Amino acid sequence: MPPRMIPILGRLRQDLAADLSADAIKQACKDEKYSWRDRLLNPVTTVYLFILQILHGNTACQHAVHFGQWNFTDSAYCAARKRLPLGVLRRLAGRVAERVRTTATAASTWHGHRVWLLDGSSFSMSDTPELQKAFGRPGNQKSGCGFPVARFLALFDLATGMLLRVEPAPLRSHEMSRCAVATAGLLPGDVVLGDRGFCSYAHIAILLKRKLHGVFRAHQRRIIDFTPERPRAAQGKAKGRPEAMIRPHSRWVLSQGDSDQVVIWYKPKSKPTWMSKDEYALLPEEITVRELRYKVHTPGYRVGEVTLVTTLLEASVYPAAALADLYFRRWQVEVYLRDLKITLKMDVLKCKTVDGVLKELAVFALVYNLVRS
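Residues numbered from 1 in each chain as written. Predicted model: local features only at pLDDT ≥ 70, side-chain atom pairs only at ≥ 80, totals over all residues. Heavy atoms only, no water.

A. Local environment of the overall build of the protein. Helix and strand counts for the protein stand at 14 helices and ten strands. Of the contacts formed within the protein by residues at least 6 apart in sequence, a portion of 62% connects residues at least 24 apart. A total of about 19,100 Å² of accessible surface is found on the protein, and carbon and sulfur atoms cover 54% of it. (Helix = DSSP H or I, 4+ residues; strand = E, 2+ residues; numbered from the N terminus. Contact = heavy atoms within 4.5 Å. Areas by Shrake-Rupley, 256 points an atom, 1.4 Å probe, with all protein chains shown as cover.)

Next comes the structure, spelled out in structure tokens:
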């Protein structure tokens, strides 16, 4: 066993015994309405072995049978993993994240709001027909060569770094298609923090409908005009089209300082590719958002500009400087993803079925939360 694993496992046993005790695992199975026979590879033993397997660099199942004085084969262990419901593993990961988050102090909130980091990445898998069909592969690979690749969307707690949820999706799909699932369970008033890929009319409208807030960097294709008291701003002028035929995308409402304004966004005519027509039809015809721009001064670099879009409208409650500082902290999600993909080696998964890949992701989330806590 690697030397660093010994103190890590010791801390897990001492500090988090309540979350990973045999009773906790059995209760998670009961909550999923899963019944089992009393055998050597019961749910408790299987979960513990799965965790050790990930902690050892996601080693092979043939290696897992040598972790203790066990008397079973690797095929029997694989069968035990298949029997274990996916919901049990997700419940355990969520239990650890919730325990750490609830024990954090009130200072862990930002202006009284819980803040969640939303970002996406990808991972590769074994080359099997089932995984190729479910997730696809990069277009630059020749037929019969390469490996399946999947996107995933992760939701982290900004205050504690806990991983609340990780949702995979096919490679050729928009990461926004999993946003509703990834942010399910958030409470009214929570803030979702993300980069420009999540700054769209549809996404912000969905958050407002669920009484959530968003802070995103403005998408590079959106035109933002800080001219005071302007009547409207058009998305662009098409050649040969009269001004009256150009649909405006926003209307100025209120100025709250230099490069800080409240505007109304109009619903685009065309729906995003990741939504159905019926879902898009349910969105409101307009939403009210706040746009602000600030400069970033870094010694030795050119002065840069960042434009944010947020549903936190009151400048007196949420000053522009506070929002700029909050968005700066968004970069912490890159460290969290590095911990998952590089330190824990989640960049390549080993299972050969879709169900196995989903369980593997759930245990990675569980191990990440355990180690981070």
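B. Local environment of the packing of helix 4 (residues 43-55) against helix 6 (residues 74-83). In the contact formed by helix 4 and helix 6, the axes pass within 10 Å of each other and the chain directions differ by 110°. In this view, helix 4 runs roughly perpendicular relative to helix 6, as classed from their interaxial angle. Contact with helix 4, carried on its side by Thr46, Leu49, Phe50 and Gln53, involves Tyr77, Ala80 and Arg81 of helix 6 and no other residues of that element. A class-by-class count of the residues in the contact of helix 4 with helix 6 yields four nonpolar, two polar and one charged. (Axes fitted to C-alpha atoms, helices over the stretch in contact; angles between N-to-C directions. Parallel < 35°, antiparallel > 145°, perpendicular 65-115°, else oblique. Nonpolar A, V, L, I, M, F, W, Y, C, P; charged D, E, K, R; others polar.)

C. Structural detail: the packing of helix 3 (residues 22-31) against helix 7 (residues 86-103). The contact between helix 3 and helix 7 brings their axes to 9 Å, and the two run at 125°. In this view, helix 3 runs oblique relative to helix 7, as classed from their interaxial angle. Where helix 3 crosses over helix 7, the two elements pack in a sense that is right-handed. Between helix 3 and helix 7, the contacting residues are Ala24, Ile25, Ala28, Cys29 and Asp31 on the first element and Val88, Arg91, Leu92 and Arg95 on the second. Taken together, the residues of the contact of helix 3 with helix 7 sort by class into six nonpolar, no polar and three charged. (Left-handed = near helix turned anticlockwise from the far one by under 90°.)

D. Structural context of the environment of Ile204. Residue position: Ile204 is located in helix 10 (residues 201-209). Along the backbone, Ile204 and Gly214 are ten residues apart, and their C-alpha atoms lie at a distance of 6.8 Å.

E. Representation of helix 3 within the structure. Of all the positions in helix 3, only Ala24, Ile25, Ala28 and Cys29 are classed as buried. One side of helix 3 carries all its buried residues, which in axial view fall inside an arc of 140°. What points out from helix 3, more than 90 degrees from its buried face, is the exposed set Asp23 and Lys30. (Buried < 20%, exposed > 50% of the residue type's maximum accessible area, 1.4 Å probe, protein only. Arc of directions from axis to C-beta.)

F. Just the state of the cysteines, in detail. Scanning all chains against the criterion turns up zero disulfides. No disulfide involves Cys351; its sulfur sits 7.0 Å from the nearest other cysteine sulfur, which is in Cys61. (Disulfide = S-S within 2.5 Å.)

G. Spotlight on the confidence of the model for the protein. Within the protein, residue pLDDT values average 85, and 88% of them lie at 70 or more. Low pLDDT, under 50, characterises residues 241-246; the stretch is placed with five contacts to residues that sit more than four places away or in other chains. (pLDDT = per-residue confidence, 0-100.)

H. Structural view of the pairing of strand 1 (residues 115-124). Counting buried residues along strand 1, seven of its ten residues qualify, which places the element largely inside the surrounding structure. Pairing of strand 1 with strand 2 (residues 149-157) involves nine bridges; the strand directions are antiparallel. Opposite Trp116, over in strand 2, you have Asp157 as the bridge partner. (Pairing = 2+ DSSP bridges.)

I. Seen up close, the pattern of salt bridges. Throughout the structure, instances matching the rule amount to eleven salt bridges. Of the charged contacts, one joins Asp119 and Arg330 as a salt bridge, the two residues approaching to 3.6 Å between their closest N and O atoms. With Asp119 in strand 1 and Arg330 in the loop between helix 12 (320-329) and helix 13 (332-343), this pair connects stretches of sequence that are 211 residues apart. Using a relative accessible area of 2% as the deciding quantity, one classes Arg330 as buried. A salt bridge links Glu305 to Lys295; its shortest N-O distance comes to 2.8 Å. Here Glu305, found in strand 10 (residues 304-310), pairs with Lys295, found in strand 9 (residues 286-296); they are ten residues apart in sequence, far enough to count as distant. A relative accessible area of 43% means that Glu305 is categorised as partly exposed. Among the ionic contacts, a cluster of salt bridges with common partners joins Asp119, Arg330 and Glu334. (Salt bridge = Lys/Arg side-chain N within 4 Å of Asp/Glu carboxyl O.)

J. How the structure looks around the environment of Thr353. Structurally, Thr353 can be placed in the loop between helix 13 and helix 14 (354-372). On a C-alpha basis, the gap between Thr353 and Thr128 in space is 7.8 Å, while along the polypeptide they are 225 residues apart. Setting aside chain neighbours within four positions, we find Thr353 in contact with Glu130 and Leu131. Reaching out from Thr353, the side chain makes a polar contact with the backbone nitrogen of Gly356 at a distance of 3.1 Å. (Polar contact = N/O pair within 3.5 Å; in protein donor to acceptor, adjacent residues only side chain to side chain.)

K. Summary view of unusual backbone geometry. Here the phi dihedral of Lys33 falls at roughly 60°; this positive angle occurs in a residue that is not glycine. Looking at where Lys33 falls in the secondary structure, it is placed in the loop between helix 3 and helix 4. Of the residues examined, Lys33 reaches a relative accessible area of 76% and is grouped as exposed.

L. Layout of helix 10. Where burial is concerned, most of helix 10 is hidden: seven out of the nine residues are buried. Among the residues of helix 10, those classed as buried are Tyr201, Ala202, His203, Ile204, Ala205, Ile206 and Leu207. Just past helix 10, the residue Lys211 takes up positive phi, approximately 65°.

M. Molecular detail of the packing of aromatic side chains. Evaluated as defined, the whole model comprises five aromatic pairs. Both rings, one in Phe156 and one in Tyr336, keep their centres 5.2 Å apart while their planes meet at 40°; by these two values the pair is tilted. Pair noted here: Phe156 is in strand 2 and Tyr336 is in helix 13, with a separation of 180 residues, a long-range link. The buried category is assigned to Phe156, whose relative accessible area is 0%. Ring geometry for Phe156 and Tyr368: centres 5.8 Å apart, planes at 70°, overall edge-to-face. (Phe/Tyr/Trp six-rings, centres within 6.5 Å; stacked < 30°, edge-to-face > 60°.)

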